[in-house]
Amino acid sequence: MRVLLVEDDEPIAESLTRGLSRYGFEVQWVRTGAEALTAGDFAMVLVDLGLPDMDGLDVCRELRARGDVPIIVISARSDEVDRVVGLEIGADDYVTKPFGVREVIARMRAVLRRVQPAQPEPEAHGRVRIDRRARRVHLDGGEVELTPKEFDLLAFLAEEPGAVFTREQIMEAVWDENWFGPTKTLDVHVGVLRRKLGDAASLETVRGVGFRLVLP
Ligand code: CA
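Computed from a predicted structure; not experimentally measured.

A. Up close: the coordination of the calcium ion. Coordination of the calcium ion by the protein is provided by Asp8 (OD), Asp48 (OD) and Gly50 (O), with metal-donor distances spanning 2.2 to 2.3 Å. The motif formed by the donor residues of the calcium ion, counted along the single chain, is D-x39-D-x1-G.

B. Quick peek at the sheet that holds strand β11 (residues 202-206). The three strands lie next to each other as β10-β12-β11, forming an open sheet whose pairing is antiparallel. This sheet does not close on itself; its edge strands, each paired only once, are β10 (164-166) and β11. Neighbour-to-neighbour, the strand axes of the sheet open up by a mean angle of 30 degrees, direction not taken into account. Examined bridge by bridge, β10 and strand β12 (residues 210-214) share three bridges and lie antiparallel to one another. Counted as the bridge partner of Val164 is Arg212 from β12. Here helix α6 (residues 148-157) sits on the sheet in contact with β10, β11 and β12, set at roughly 75 degrees to β12. Along the sheet face, helix α7 (residues 167-175) touches β10 and β12 and points at about 75 degrees away from the line of β10.

C. Structural view of the pattern of salt bridges. With the rule as written, the count across this model stands at 20 salt bridges. Taking the shortest distance from any N to any O, the salt bridge between Asp199 and Arg127 comes out at 3.0 Å. Of this pair, Asp199 sits in the loop between α8 (184-197) and β11 while Arg127 is found in the loop between β6 (123-125) and β7 (128-131), placing the two residues 72 residues apart along the sequence. Residue Arg127 is classed as partly exposed on the basis of its relative accessible area of 36%. The structure contains a network of salt bridges with shared partners spanning Arg109, Glu123, Arg132 and Glu159.

D. The arrangement of the domain arrangement of the chain in detail. With domains assigned, the chain is organised as domain 1 (2-115) and domain 2 (123-214). One C-alpha centre belongs to domain 1, the other to domain 2, and the line joining them spans 29 Å. The contact between domain 1 and domain 2 buries some 810 Å² in all, and 42% of this surface belongs to carbon and sulfur atoms. When the area that domain 1 buries against domain 2 is broken down by residue, the three leading residues are Arg22, Tyr23 and Arg102, summing to 72%. Between domain 1 and domain 2 we count two salt bridges in total. In this assembly, domain 1 and domain 2 are joined by six residue pairs in polar contact (both at pLDDT 80 or more). Of all the elements, helix α5 (residues 101-115) adds the most residues to the side of domain 1 that touches domain 2, at four residues. Taken together, the residues that form the side of domain 1 that touches domain 2 break down as three nonpolar, two polar and four charged.

E. Highlighting the packing of aromatic side chains. In total, this model carries two aromatic pairs according to the counting rule given. The interplanar angle of 50 degrees and the centroid separation of 4.7 Å between the aromatic rings of Phe156 and Phe165 together place this pair among those described as tilted. Classification of Phe156 by relative accessible area gives buried; the value is 3%. Residue classification places Phe165 among the buried positions, given a relative accessible area of 5%. Over the face of the ring belonging to Phe42 we find Arg2, whose NZ or CZ atom lies 4.4 Å from the ring centre. Here the basic side chain of Arg107 rests over the ring of Tyr94, its NZ or CZ set 6.0 Å away from the ring centre.

F. Structural detail: unusual backbone geometry. Pro98 follows Lys97 through a cis peptide bond whose omega is -5 degrees. Among the secondary structure elements, Pro98 is positioned in the loop between β5 (93-96) and α5.

The rules we used
Residues numbered from 1 in each chain as written. Predicted model: local features only at pLDDT ≥ 70, side-chain atom pairs only at ≥ 80, totals over all residues. Heavy atoms only, no water. Donors = N, O, S within 2.8 Å, 3.2 Å for Na, K, Ca; no water. Pairing = 2+ DSSP bridges. Helix = DSSP H or I, 4+ residues; strand = E, 2+ residues; numbered from the N terminus. Axes fitted to C-alpha atoms, helices over the stretch in contact; angles between N-to-C directions. Contact = heavy atoms within 4.5 Å. Salt bridge = Lys/Arg side-chain N within 4 Å of Asp/Glu carboxyl O. Buried < 20%, exposed > 50% of the residue type's maximum accessible area, 1.4 Å probe, protein only. Domains from an automatic or database assignment. Buried area = accessible area lost by both parts, 1.4 Å probe. Polar contact = N/O pair within 3.5 Å; in protein donor to acceptor, adjacent residues only side chain to side chain. Nonpolar A, V, L, I, M, F, W, Y, C, P; charged D, E, K, R; others polar. Phe/Tyr/Trp six-rings, centres within 6.5 Å; stacked < 30°, edge-to-face > 60°. Lys NZ or Arg CZ within 6 Å of the ring centre and 35° of its normal.

Take a look at the structure:
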């Protein structure tokens, strides 16, 4: 899914671009309102309010006048007035700085659910079916009981079967945004998932790197 990120703060834009890419979003980053308004069509737009050339609210207003692309405002202004104004001029939601990538993705998914009422089918990966919306996993038609973290871990790895994710990437995506501590809990969860999924999926250890999910 193509996402336009309008943000002049480089560290924020870089970490957001990296984080969203990891979840499969294709991010185009621009720094100014003028660039945003000439960037073309996207499935979603994330707009910072404090841009160097114009007010982010005006960018929202202009985008909204052109069509119904979902817009999420990224705001450093924490006062309620701006939030209300942002939503009144047609933004679909907002996040307030500082925020974590997971929070932004949760908002994006919530907005997409609202604007796209038709729900995607659960993903079928061989004998395993993952229903992200209902957060349920079925194996050969029977439900596999997973804890929330087990589900998050499986859902994360299943976003790109076959790809190797580092321990840090997994910890950041599934547990917390910036994880520098021990990752033993990850091994424990991997072990449980292996047991619960049996030979329907294999969670391969890539020594010294991380894990990948291989689905037949
Ligand atoms: Ca800014």
